[in-house]
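Listed below, chain by chain, are the residues.
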Amino acid sequence: MKTRYYIGGFIIVVFLGLLFYNFTRTNIEYESDFTQVMAKGKTCKATGVWVKEKSFQEDVQNRTFIFYLRDAKNNEMKVIYRGIKPNNFEIASNVVVTGKYENGVFHATDVLTKCPSKYEGQNINTSGS
Amino acid sequence: MIGNILNSIAFIAAITSAIMYFLNFRGFQNTLNFARIAFHTMATSTILASVFLLYLILTHQFQYKYVYSYSDTSLPLGLLISTFYAGQEGSFLLWALWMAIIGVILQQYSAARGDLEPRVMSVYSLVLSFLLLMITPLVKNPFALIYSEPFMASANTINPQFFNLPFLSNYLFTDNSTGMNYVKIDQSLVDALNSAGIGLNEFIINGKGLNPLLQNFWMQIHPPILFVGFAAMSVPFAFAFSALMKNDYKKWIGQALPWTLFAAMVLGLGIMLGGYWAYGVLGWGGYWAWDPVENSSLIPWIVSVAALHTMLVQKKTASENSIGAFAKTNLVLVILAFVLVLYSTFLTRSGVLGDASVHSFVDPGYFAYLLLLIFMGTFIVLGGGLLIYRWNYLKQITPPQNNLLSREFALFTGSVVLGASALVTFLGTSAPIFGKSIQIEFYNEMNLPLGILIGLINGLSLLVKWKSSDGKELLKKSVFSLSASIVATIIMVFAGVRDFKMILFAFASSFAFFVNAEIAFKILRRNLEKAGAYVAHMGLALLFIGVIASSKYDKSIDVNLVKGEPADVFGYKLIFTGYSPTQDGKYLFNILIEKDGKKYKASPVMYYSEYNQGIMRNPDIVPFITKDIYISPISYDDGSSTHSDGQTFQLKKGETIKYGESEIEFVAFDLPADAMQKMMSGGDFEIGAKLVVKNYGSRYEVEPKYGIRNGEKLNDPVEIKEANLVINLVSISANDKMVTLQIEPFKVERQQQEIKREILAVTASIKPFVGLVWLGTVIIVAGFFISMLRRLKESRN
């Protein structure tokens, strides 16, 4: 009877160990401060808003999309995404890019756009006319 | 008003029903009838409220905020109906509606089974009370009028004939960043309109419409089915809780089994329909992306399936003087499955997933957030608390564990593995709450070994006998299935499965398949009724094999298809034959696919969506038995402009960009004094952008032009042969002092070639055996259904 519990306990320990190992290994932090993104230089999910005033480049043939993001503290960062401009990019209130900052550019493997108007009332800045 | 009254009545009646049923359980005989009346009042009001909301949607009553926010006059009937649950308010109402309907059946079911009704129905009514509270006028009210809070309605949804009303100018606004006009609708405007004799639904004549991403066939099916699954999950919970209330743990298993099977069947189907939607229409490229919203409904499903297996053991091992094995486990799992449904709701509705998911809802407001937490917390505390309270007694009456080599133990181990898989998925999905995020790799890496175990245990559990088996007999019984699965695995290895873990997974899945197939074959001839489990297991095994093939061994390539010119892709000849517009303003891009003289057609879709202000893309699939050809559109170039190979740049005055070896600086506009005025009035004009181009020490000053001449758009690109450049001015934004340039390399042959080259860029993939995933799903559902009928019959005894 005892051995059964030892074996069971052993399996649980192995499983939890694997779980912990894989969790830490594949864990990516969210980072809303671009100075941190640049300083750390490791894979993360950077969140910011698209800088519409700055230039962007879209090269459909070579599947490259280059744009600028800005964080809450007005730090700007150039992003190169190997892919095409995602749906909803123009109206996104927030952009989440997954990737790594290297040699002055953020290389994104994934671009996620968040659209507040998708499910809820639109918030707009208004001025009288 | 009507809607608010109905919802309020439903809420009050649900609470009353819960209390009256509870009092009846505590011994007050005369409250039973009252409880039943209250419950049916609740059900009637909820159904009427739903009918009323549907009526408002179908008759375009845009003075209701919900109707305005999700529908418009252009939607076809099916999609118009589906706007019922396009937002949070409506989807809570739908959930409550299903619960009300299921509740009416449950009431009859429980009334016919001893003293079950007061307990089960009091718990069930309590769950409903919380749901209905969510949609009362104070929280997420689907019947709120648009002016209950000042609301900015887009000017193009307003009847234009009223724009000349003198007082309207006070309510007109313009969003400077987009140039869109809005009308602010509040109480004072409604009063002013009323005194002018204008009704609000004459004034607002259209709604914001449904997000085009949701405008397709599956929107009409996937959410309602998923919500039936959610609603049904509260039934087994009510049974488990009832057992704890009465401190009697034998009967509830048999009574809850058909309901648990039903809930798991419908929820599972709903989840996979969502997967098909993502694969076939949204163009995610696969059926499962481990998106938090997908995961959050998968977790309760896995737990409920685990519960089913141990419930079966308890039912089988129960006897005159024993409640059966795993009584504690079953209570824990069933309660957990329901709590996880609530957790799923919390994750997807509270906004906590914010950045992590493609389709999570935004922040519903602090009050609703808090209420969702209380909803979940209440049932964790109630379920967990009562369980702890009864724990010692449960421990005494649960019989000790049995033989290791028994079906009981094998099923238990299976449930533990399922639990582990649920835990893995739970951890990964919950990570964003703590500001972390998990790569998809985590789920795959962790769930793959668990999947292997599930396949093996599944097969093994059916070969061993109840109570105890001996090893020799086991080996004898497994000869066929073992040899068949070894052969199948070898075939798969030859077909290309080389990864070691994948080979193991292939073997485990085949093993599960053949064991079940053998038994099902023997049983099916005599007794179809009992084949449910084996059918479901075969479905799962097929689904697993589909997963192995399609996830690891798909091939994908980006190609540019020139119209009329065949391109070779994975042995298929792809010819882009041109596009054709559809009735609803989309474009089909027709591709002819040829192999060995056989012809197929794929028509992926692209269109510009006003709602999303961007290009929307839908893939198209050519399904074969052994594979899917999956074509995702990327872009289309009609060849008329010069930007076919070019890049687009947007740059500000004074800014410099690099293109190849050249540096291009935008110096200034060449803006004739009257150009702006003419541009506004629609007359002819010409605007230039002064650029300085530097290339290997040479400096060029050029000025591409853009404008209107004789009513036609004019583009006057500049060519710099020496720098190998053609620069075209596409558009300008004088306010922001920005220009958009298209730059491409200069090609001599470009001028000679007058023929338009239409180019469609696509991603073409071959996805082997995806069909098995869907076939497996259908078979699983069929298996669940057969089992459900059998257990329903048994529950009458």
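Nothing here was measured: the structure is a model prediction, and the numbers come from that model.

Visitor: Help me out: how do you make sense of the overall build of chain A in this one?
Guide: Secondary structure assignment for chain A yields two helices and eight strands. Listing every helix and strand of chain A by position from the N terminus yields α-β-α-β-β-β-β-β-β-β. Counting across all 129 residues of chain A, residues that qualify as buried make up 29%. Here the contacts in chain A between residues at least 6 apart in sequence split such that 41% fall between residues at least 24 apart.

Visitor: Got a minute to help me understand helix 13 (residues 366-397) of chain B in this structure?
Guide: Every α-helix carries 3.6 residues per turn, so stepping three or four residues along brings you back to the same face. Residue and element names in this part refer to chain B. Here helix 13 contains 32 residues, and its C-alpha end-to-end distance of 45 Å stays within 8% of the 46 Å for a straight helix at 1.5 Å per residue. In helix 13, a bend of some 50 degrees at Trp391 exceeds every other bend along the element. Within the span of helix 13, buried status applies to Ala368, Leu372, Met376, Phe379 and Gly383. Its buried side turned inward, helix 13 meets helix 9 (222-246) and helix 12 (327-349).

Visitor: Quick question: what am I supposed to make of the nonpolar core here?
Guide: Where a protein is soluble and globular, its nonpolar side chains tend to be buried together. One finds Trp95, Ala96, Leu131, Ala232, Ala240, Val303 and Ala337 of chain B to be the most contacted residues of the largest nonpolar core, which totals 204 residues. With 20 residues, the top contributor of residues to this core is helix 10 (residues 251-282) of chain B. Val37 and Ile84 of chain A together with Leu561 and Phe589 of chain B belong to the second largest nonpolar core, which has 39 residues in total.

Visitor: How should I be thinking about helix 15 (residues 440-463) of chain B in this particular structure?
Guide: Over its 24 residues, helix 15 of chain B extends 35 Å from the first C-alpha to the last, a length consistent with the 34 Å expected when each residue adds 1.5 Å. Of all the bends in helix 15 of chain B, the greatest, near 30 degrees, is centred on Asn447 of chain B, and the proline Pro449 of chain B appears no more than four residues after it.

Visitor: For this particular structure, what's the right way to read the environment of Met77 of chain A?
Guide: Mapped onto the fold, Met77 of chain A is located in strand 5 (residues 76-82). On a C-alpha basis, the gap between Met77 of chain A and Asp33 of chain A in space is 11 Å, while along the polypeptide they are 44 residues apart.

Visitor: What should I look at first to understand the environment of Tyr64 of chain B in this one?
Guide: Residues and elements named next belong to chain B. Along the chain, the position of Tyr64 falls in the loop between helix 2 (31-58) and helix 3 (65-70). Given 25 C-beta atoms within 10 Å, Tyr64 falls into the buried group. Sequence spacing of Tyr64 and Leu53 is 11 residues, and the spatial spacing of their C-alpha atoms is 9.7 Å.

Visitor: Looking at this structure, how should I read the sheet that holds strand 13 (residues 627-637) of chain B?
Guide: Sheets are built from strands paired through backbone hydrogen bonds, the pairs being either parallel or antiparallel. Residue and element names in this part refer to chain B. One open sheet holds the four strands; their spatial order is 5-24-13-12, and the pairing between them is antiparallel. Edge strands, defined here as strands with exactly one partner in the open sheet, are strand 5 (555-562) and strand 12 (620-623). Taking the axes of each pair of neighbouring strands and ignoring which way they run, one obtains an average angle of 25 degrees across the sheet. As judged from the four bridges shared by strand 12 and strand 13, these two strands associate in the antiparallel manner. Its bridge partner lying in strand 13, Ile621 is registered against Tyr630.

Rules used in this analysis
Residues numbered from 1 in each chain as written. Chains lettered and ligands numbered in written order. Predicted model: local features only at pLDDT ≥ 70, side-chain atom pairs only at ≥ 80, totals over all residues. Helix = DSSP H or I, 4+ residues; strand = E, 2+ residues; numbered from the N terminus. Buried ≥ 20, exposed ≤ 12 C-beta atoms within 10 Å, placed from the backbone. Contact = placed C-beta atoms within 7 Å. Expected span 1.5 Å × (residues − 1). Bend = angle between axes of the 7 residues up to and from the residue. Core = buried A, V, L, I, M, F, W, Y, C linked by C-beta atoms within 7 Å. Pairing = 2+ DSSP bridges. Axes fitted to C-alpha atoms, helices over the stretch in contact; angles between N-to-C directions.

Keep in mind these numbers describe shape, not what the thing actually does.
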